[in-house]
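Geometric and topological summary
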Amino acid sequence: MDIKDTARPLDGAGVSGFLRSLPARPLLLGLGEARHFVEALHELRNKIFRHLVEHEGYRSFAIESDCLMGLLVDDYVTSGTGTLDDVMERGFSHGFGASPGNRELVRWMRAYNEEHDEELRFFGFDGPLEYWAASPRQALTALYALLDGPLPCTRETLDALLGPDDRWTNEATVMDPSQSIGQSADAQRLRLLADDLVALLDTQVPRLSAKDRERAALYGRTAVGLLRYHYWMADTSPARMTRLAGLRDAMMAANLRAVAEQGPALVFAHNLHLQRNKSLMRLGDQPLEWSSAGAIIDAHLGDRYAFLVSAFGTVGDNTPPLDTVEGILSTLPWDHSLIDARRLAEAVTKPAPRISHDFAYFPLDPAQLDTIDGIVFLKDTVRLG
């Protein structure tokens, strides 16, 4: 099979053709990053999203960024609350607000909503954490404020149990579990209170507006998830880092299931979070293995989840060897291509893995081609950083 028969140019017709080739219309279409902070991929993503909105009925965009910070962006996109400068500074985690591509996306979404009745929505779907976790204060107090009737504690009690936020945000806990307060008496009581507040929310759903129900559920998921994450930050067993990595992806997956309820969405995150196969990495001599958010979502949504992995050809002065998947794809005639990954797996035999000397860039794993729906391939001179 000629590999050109597995690929098409990555334009609007190519995206629509790819969607038609799937067994079902996806509720979540994942677009993975082989590396964060590649502006060429951000620009291509924006073109894909615009096409999905204008021709395929997509109305939501979700990104691997703090789910609570993302509420600021959603408010701006839907109602014009705040300014573009402000939401780019305070509405993204991981430094993603500095990306020109992300800024242009938010600007375009706001402009679209000003001219159309059926609004676009913006979601962050990562938890307020990466290797360490934020204080559960924002999530707990915001949930508390939305509830009514007899509550399990006073607001003063909640504040006292939370204490200063720097107790929760100590980055030293990443390597030293003894510095975590996640298994302290206060944290244990907060976990029970969070459970009670979430249970109480279920009894009060009828009186809440749709927006308040959506946000209260987010606050509840986040509070419970953060307190659980802090608990395991204090763990001293060898399974600690595997557990934490799994909890982060599980929080991502829970947020993505909520996004799916809003209708078809484009999801943008690292390939490793969106992949269907298990995530593997080594921490020193310790192998870590856990289910990625994509694997969890795939188990829940089945063929209503589709995954496009991104891959790069020439990166700066680094050209992929011709016996790698990236080298083979570099022979395609288009600068940007969309490849049917499963057909490609049938067309190429035992390609070699590409070796990257950039620790932040993750090349395609040839063994996983049959777990991917498509490949978004950028052929030449993708400048990183």
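Description of the structure in this document. As the structure is a computational prediction, the values presented were derived from the model and not from experiment. (Residues numbered from 1 in each chain as written. Predicted model: local features only at pLDDT ≥ 70, side-chain atom pairs only at ≥ 80, totals over all residues. Heavy atoms only, no water.)

Pairing is mixed across the open sheet formed by eight strands, whose spatial order is S1-S9-S10-S8-S2-S5-S3-S4. A strand with exactly one partner marks an edge of an open sheet, and here the two such strands are strand S1 (7-9) and strand S4 (121-126). Strand after strand, the sheet turns through a mean of 25° between neighbouring axes, direction not considered. Seen against the sheet, helix H10 (residues 240-260) touches strand S2 (28-33), strand S3 (60-66), S4 and strand S5 (265-270) and runs at an angle of roughly 160° to S4. (Pairing = 2+ DSSP bridges. Helix = DSSP H or I, 4+ residues; strand = E, 2+ residues; numbered from the N terminus. Axes fitted to C-alpha atoms, helices over the stretch in contact; angles between N-to-C directions. Contact = heavy atoms within 4.5 Å.)

Once that is clear, we can look at the nonpolar core. With 43 residues, the main nonpolar core has Leu29, Phe49, Phe61, Val106, Met109 and Phe122 as its most contacted residues. Not counting the four nearest positions on each side in its chain, Val106 is found in contact with Val73, Tyr76, Val77, Leu84, Val87, Met88, Phe92 and Phe122. Core analysis: the next-biggest nonpolar cluster, separate from the first, contains 35 residues, Val267, Tyr305, Val309 and Phe377 among them. (Core = buried A, V, L, I, M, F, W, Y, C linked by side-chain atoms within 4.5 Å. Buried < 20%, exposed > 50% of the residue type's maximum accessible area, 1.4 Å probe, protein only.)

A separate point is the packing of aromatic side chains. Enumeration over the complete set of coordinates arrives at eight aromatic pairs. Ring centres 5.5 Å apart and planes at 75° place the aromatic pair Phe92 and Phe122 in the edge-to-face group. With Phe92 in the loop between helix H4 (84-90) and helix H5 (100-115) and Phe122 in strand S4, this residue pair connects regions lying 30 residues apart in the sequence. In this pair, the class of Phe92 matches that of Phe122, namely buried. Here the aromatic rings of Trp108 and Tyr112 are separated by 5.4 Å at their centres, their planes lie at 40°, and the arrangement is tilted. Remark: Tyr112 and Trp108 occur in helix H5; sequence separation between them is four residues, near one turn of the helix. No difference in accessibility class separates Trp108 from Tyr112, as the two residues are buried. Positioned above the aromatic ring of Phe268 is the side chain of Arg45, whose terminal nitrogen or guanidinium carbon lies 4.6 Å from the ring centre. (Phe/Tyr/Trp six-rings, centres within 6.5 Å; stacked < 30°, edge-to-face > 60°. Lys NZ or Arg CZ within 6 Å of the ring centre and 35° of its normal.)

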